[in-house]
Amino acid sequence: MKKIVSDFEELQPHDHLCLLYREHEEWKAAITSFLQTGLVENDKCLYISGAYTAQDVKKYLKEVGIDVEKKVNSKQLVFLDKEDSYAQKQEFVPQEMIDFLKQAATQASEEGYNSLRVTGEISWALDYVQGEEKIIEYELGLNEELFSNYSISALCRYHLDKFDPGLIKNVIKTHPYIVVNNKIHENPYYISPDKFSSEPEEVEQWLENINDFTKLKGRFKNTIQKSREKLEIKNKELEQLLYIISHDLRSPLVNIQGFSKEISNSFTEVKKILAEKDSAQDELLGFYLEEDIPESLSYILKSTNKIDSLLEGLLNLSRSTRNKLQPKKLDINQIVDEIISNFEYKIQEEEVEIKVGDLPVCYGDKEQINRVFSNLLENAIKYLDNDKAAKIKVTGYSEEERVVYSVEDNGIGIAKKDQEKIFTIFSRLDYKDNVQGEGLGLTIIKKIIDLHQGQIWLESELGVGSKFFFALPSETNDRID
Ligand code: ADP
């Protein structure tokens, strides 16, 4: 799913917005963001057709990765025509529409939704008697009766060329937030319903608004601030990655340079000996040819192999985080059973007693989640304590909105001071000799869990063992990208 970086992420129940637009693209961006963020936030979303049809909206929501069929089937996303809502009697009765929305908001909360989000367009009301007055009467009624008392947010859509500027002025005065160019603006021209139509009171309220604006407003600036913070974190990660790559790839390279120089010196010696060859120097020649040169060559080979595996690891890391996730419901018991049977040889060799609890299902990308369990189990086996009977336990439980799994071992454990750094790329602890690895497994796991909007953490004590936990959404999470 495409990441949402829009002001609509900041919307809350009770917000009353209006979209003033001319271009189709402006309409599309606002409607898509309004509904997309609502569906992600577990709001019930109601789209009342206007200039554009339900088909248009469905298409745009699909483009940003919403499973539209699923949302429509579950009735989280509902499409209505104006006849179903505003204009049941071929006339526009504002109070009826307000009552309809009250009922819809109550129903949404009874169905367990966070709030109701509704968006509608009422240019058609102009065709009825006193259309303009009724539109403003409706907007005032919404502010007076609906937003403060019901868990609802609304985006009213107004095409600027379809309404008289006088009406647009009143529309601006009746909406605390205005969407222009896909940006939500706090509206200094907003007038609360009790002050509307009284010029002196309107002026008083504007003065208050102006004062408040400099003092405390700026709610929708959060999105920019948040994007900036995310960018800073990404930059830091990138800097760290560059440092580690340049540092860790340099050390095998320095070896290659050093041993190549040594070979070159050895050859100079060999050539000298061959030039003035006498049998007394055969022993020295034998040393260069049998020991010195092969030894240097083997170090060179080791270093190039090391660079090769580091680069392969980097490639794996970039692959694991670049491919698009395909989240679905996963039978974790089955996944873990398969992984364990792949490790059977190691498990028997190390005489590991392995216990697996009843593991809850979760939503995730099968290949990636398989990788997480594989890496954690592999580490649990790799870092066992050779002086103890080995025990590994895999357990899991469900919480309200997430499932938590753990892989526990009674191995060598990890000191507190090192627990954070093991998730950093190429970082390895030297507690146990002769264990193969590149220090990439946990980095990849962390990236995968981050992409699933989950969390990973551990409890560990040196010499006692480690327990790695990770949490994943228990339901499809539309924010997964
Ligand atoms: P690798 O195992 O390839 O070195 P990882 O990223 O998987 O890389 O792990 C990083 C480091 O964390 C390991 O080198 C090891 O020192 C430590 N570690 C990981 N898992 C465990 C564990 N279960 N018990 C003890 N130490 C562990």
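That block above? That's the structure.
Remember, predicted model here, so these are calculated numbers, not experimental data.

S.K.: Looking at this model, I keep getting lost on the site of the ligand. Mind explaining?
M.R.: Taken together, 19 residues are adjacent to the ligand, and Asn379, Tyr383, Asp409, Arg428 and Leu442 come closest. A distance of 3.1 Å separates an oxygen atom of the ligand from a polar backbone atom of Glu438. Within the backbone of Leu442, one N or O atom sits 2.8 Å away from an oxygen atom of the ligand. Calculation on the ligand without its partners gives an accessible area of 530 Å², and the protein chains cover 97% of this total. Mapped by element, the contributors of at least two residues to the shell around the ligand are α12 (366-382), α13 (441-451) and β14 (465-473). Looking at the shell around the ligand residue by residue, the classes come out as eight nonpolar, seven polar and four charged.

S.K.: What is the right way to look at the environment of Ile172 in this model?
M.R.: Note on placement: Ile172 falls in helix α6 (residues 165-173). Counting along the chain gives 155 residues from Ile172 to Leu17, while the straight-line C-alpha distance between them is 9.5 Å. Sequence-distant contacts of Ile172, defined by excluding residues within four places in its chain, comprise Leu20, Ile178, Asn187, Tyr189 and Tyr190.

S.K.: Whenever I open this one, the sheet that holds strand β11 (residues 391-398) confuses me. Can you help?
M.R.: In a beta sheet, neighbouring strands pair by backbone hydrogen bonds and run either parallel or antiparallel. If you walk across this open sheet you meet the five strands as β9-β11-β12-β14-β13, and the pairing is mixed. Since the sheet does not close on itself, it has two edges, and those belong to β9 (353-356) and β13 (455-461), each with one partner. Direction aside, the axes of adjacent strands within the sheet are offset by 10 degrees on average. Pairing of β11 with strand β12 (residues 402-409), which is carried by seven bridges, proceeds in the antiparallel orientation. For Thr395, the partnering residue across the bridge sits in β12 and is Ser406.

S.K.: Any chance you could explain a nonpolar patch on the surface here in plain terms?
M.R.: Side chains of Val203, Leu207 and Ile210 sit close together on the surface and give an oily, nonpolar patch of about 280 Å² of accessible area. For Leu207, the position within the fold is in helix α7 (residues 199-216).

S.K.: Can you walk me through the nonpolar core in this structure?
M.R.: Across soluble globular proteins, nonpolar side chains have a tendency to be buried as a group. Of all hydrophobic cores here, the largest spans 56 residues; its most connected members are Ile332, Phe373, Tyr405 and Phe470. In terms of residue count, helix α9 (residues 282-322) provides more of this core than any other element does, eight residues in total. Setting aside residues no more than four positions away along its own chain, Phe470 makes contact with Val372, Phe373, Leu376, Val403, Val404, Tyr405, Ile449, Gln455, Ile456 and Trp457. Ranked by size, the runner-up nonpolar core spans 38 residues in total, among them Leu20, Ala108, Tyr158 and Ile168.

S.K.: Just to check I follow, could you spell out the pattern of salt bridges for this structure?
M.R.: Side-chain pairing between opposite charges can occur once the charged atoms of the two side chains come close. Within the structure shown, the criterion is met by 20 salt bridges. The salt bridge involving Asp99 is made with Lys102; its shortest N-O contact spans 3.8 Å. Here Asp99 pairs with Lys102, and both are found in helix α4 (residues 94-110), just three residues apart, close to one helical turn. A salt bridge links Lys346 to Glu350; the nearest nitrogen and oxygen atoms lie 3.7 Å apart. We classify Lys346 as partly exposed; its relative accessible area is 36%. Taken together, the shared-partner salt bridges connect Asp99, Lys102 and Glu145 into one network.

S.K.: Quick question: what am I supposed to make of the environment of Gly112 here?
M.R.: One can find Gly112 in the loop between α4 and β4 (116-121). A residue is classified by how much of its surface remains accessible, and Gly112, at 48% relative accessible area, is partly exposed. In this structure, the C-alpha to C-alpha distance between Gly112 and Lys44, residues 68 residues apart in sequence, is 9.2 Å.

S.K.: Is there a simple way to explain the sheet that holds strand β7 (residues 183-186) in this structure?
M.R.: As summarised here, the arrangement of the seven strands in space is β3-β2-β4-β5-β1-β6-β7, forming an open sheet in which the pairing is mixed. Single-partner strands in this sheet number two, and they are β3 (77-80) and β7. With strand direction ignored, the average angle separating the axes of adjacent strands in the sheet is 20 degrees. Across the sheet, helix α1 (residues 24-40) touches β1 (16-21), β2 (44-48), β3, β4, β5 (152-159) and β6 (177-180), and the angle it forms with β4 is around 160 degrees.

S.K.: Sorry if this is basic, but what is going on with the pairing of β5 here?
M.R.: Walk down a regular strand and you will see the side chains alternate between the two sheet faces. Burial of β5 is extensive: eight of the eight residues sit out of reach of the surface. On β5, burial covers both faces: Ile152, Ala154, Cys156 and Tyr158 on one face and Ser153, Leu155, Arg157 and His159 on the other are all buried. Pairing between β4 and β5: six bridges, direction parallel. Following the sheet pairing, Gly120 is matched in β5 by Cys156. You can see the chain leave β4, run along helix α5 (residues 131-146) and come back into β5, and the turn it takes is right-handed.

The rules behind each value
- Residues numbered from 1 in each chain as written.
- Predicted model: local features only at pLDDT ≥ 70, side-chain atom pairs only at ≥ 80, totals over all residues.
- Heavy atoms only, no water.
- Near = heavy atom within 4 Å.
- Polar contact = N/O pair within 3.5 Å; in protein donor to acceptor, adjacent residues only side chain to side chain.
- Areas by Shrake-Rupley, 256 points an atom, 1.4 Å probe, with all protein chains shown as cover.
- Helix = DSSP H or I, 4+ residues; strand = E, 2+ residues; numbered from the N terminus.
- Nonpolar A, V, L, I, M, F, W, Y, C, P; charged D, E, K, R; others polar.
- Contact = heavy atoms within 4.5 Å.
- Pairing = 2+ DSSP bridges.
- Axes fitted to C-alpha atoms, helices over the stretch in contact; angles between N-to-C directions.
- Patch = residues over 30% accessible without salt bridge, like charges linked within 9 Å, V, L, I, M, F, W, Y side chains within 5 Å.
- Salt bridge = Lys/Arg side-chain N within 4 Å of Asp/Glu carboxyl O.
- Core = buried A, V, L, I, M, F, W, Y, C linked by side-chain atoms within 4.5 Å.
- Buried < 20%, exposed > 50% of the residue type's maximum accessible area, 1.4 Å probe, protein only.
- Right-handed = clockwise from strand over helix to strand, strands pointing away.

Honestly, it's all geometry; don't read function into it.
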